[in-house]
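The chain contents come next:
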Amino acid sequence: SQTIHQWPATLVQPVGSPLSLECTVEGTSNPNLYWYRQAAGRGLQLLFYSVGIGQISSEVPQNLSASRPQDRQFILSSKKLLLSDSGFYLCAWSAGRVRGYNEQFFGPGTRLTVL
Amino acid sequence: SQQGEEDPQALSIQEGENATMNCSYKTSINNLQWYRQNSGRGLVHLILIRSNEREKHSGRLRVTLDTSKKSSSLLITASRAADTASYFCATSSGGSYIPTFGRGTSLIVHP
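Throughout what follows, the structure given in this document is the object of discussion. (Residues numbered from 1 in each chain as written. Chains lettered and ligands numbered in written order. Predicted model: local features only at pLDDT ≥ 70, side-chain atom pairs only at ≥ 80, totals over all residues. Heavy atoms only, no water.)

## Structural notes on the nonpolar core
This is how it is decided: Among the buried residues, those of types Ala, Val, Leu, Ile, Met, Phe, Trp, Tyr and Cys that are joined through side-chain atoms within 4.5 Å form a nonpolar core. Accessibility here uses a 1.4 Å probe with only protein chains present; expressed as a share of the type maximum, an area under 20% marks a residue as buried, one over 50% as exposed, and anything in between as partly exposed. Secondary structure elements follow DSSP: runs of H or I no shorter than four residues count as helices, runs of E no shorter than two count as strands, and numbering proceeds from the N terminus. Any two residues whose heavy atoms approach within 4.5 Å are treated as being in contact.
Of all hydrophobic cores here, the largest spans 22 residues; its most connected members are Leu32(B), Trp34(B), Leu74(B), Ile76(B), Tyr87(B) and Leu107(B). Mapped onto this core, the elements with two or more residues apiece are β2 (10–14), β3 (19–24), β4 (31–37), β5 (43–50), β7 (61–66), β8 (71–76), β9 (85–92) and β11 (105–110) of chain B. The residues touching Tyr87(B), leaving out its near neighbours within four places in the chain, are Glu6(B), Met21(B), Tyr35(B), Arg36(B), Leu46(B), Leu74(B), Ile76(B), Gly104(B), Thr105(B) and Leu107(B). Listed in part, the 20 residues of the second largest apolar core include Leu19(A), Cys91(A), Trp93(A) and Leu112(A).

Listed below in structure tokens is the structure:
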């Protein structure tokens, strides 16, 4: 069966510090991978998605970047964190790129607080 | 990109009652999905309903889709305290396979 891991679970970082959040998927190959941010009491904002190694699409201009160095690894980074980067970050994967088969499977999330 | 909007934003019921949440959207969709999120956790996929389907069931969950009204509903029958969570609808349309999520309905089931 497929599993998705995210770490760390929680993170408190000072403004201006770097960030690296990691997500890995097991039990599937060539997944689509996604990074979302969720503000308190809000919906999900898609930040990045990837359909393959080294292929990253950015949905919104921001202080963050993403990389996919391996098929089942997705990394969210920042060189200098802003207060507005605080939030709940979720990684997800989906199996197909056919429109009718696009269920997403989410990791447990990382709670990031920037002080 | 279009976004489904859930209604109500918050719902509070007693255990054993039914809970109904609605999702409205603006343009034609390929499919609509419902997800659940327990507090501080990731989302869990519940049901996917395609644009040519009108109703789907999964255990105590019943999802309907009315494409003429551009709306969907999620019914949870005989609710339990463990159903307490936020529920999101997500729509996919056009050539995109990436669903767009609404802001969710917060459901509280009192024991």
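Okay, back to it.
## Looking at the sheet that holds strand β1 (residues 5–7) of chain B
All names here are of chain B. Put simply, the rule is: Strand pairing is assigned whenever DSSP identifies at least 2 bridges connecting the two strands. Axis lines are fitted through C-alpha atoms, for helices just across the contact stretch, and the angle between N-to-C directions can take any value from 0 to 180 degrees.
Across the sheet, which stays open at both edges, the 5 strands sit in the order β1-β3-β8-β7-β6 with antiparallel pairing between neighbours. Only two strands of the sheet have a single partner each, and these edge strands are β1 and β6 (55–58). Geometrically, the sheet is characterised by an average inter-axis angle of 20 degrees between neighbouring strands, direction not taken into account. The pairing of β7 with β8 spans 6 bridges and is classified as antiparallel.

## With respect to the side chain of Ser17(A)
Residue and element names in this part refer to chain A. The criterion, for reference: Within 3.5 Å is the distance limit for a polar contact, defined as a pair of N or O atoms, with the added protein rule that one can donate a hydrogen and the other accept it, and that residues adjacent in sequence qualify only through two side-chain atoms.
Topologically, Ser17 is positioned in the loop between β2 (10–13) and β3 (19–26). Using a relative accessible area of 11% as the deciding quantity, one classes Ser17 as buried. Within polar-contact distance, the side chain of Ser17 engages the side chain of Gln13 at 3.4 Å. Among residues more than four places away in sequence, those in contact with Ser17 are Lys79, Lys80 and Leu81.

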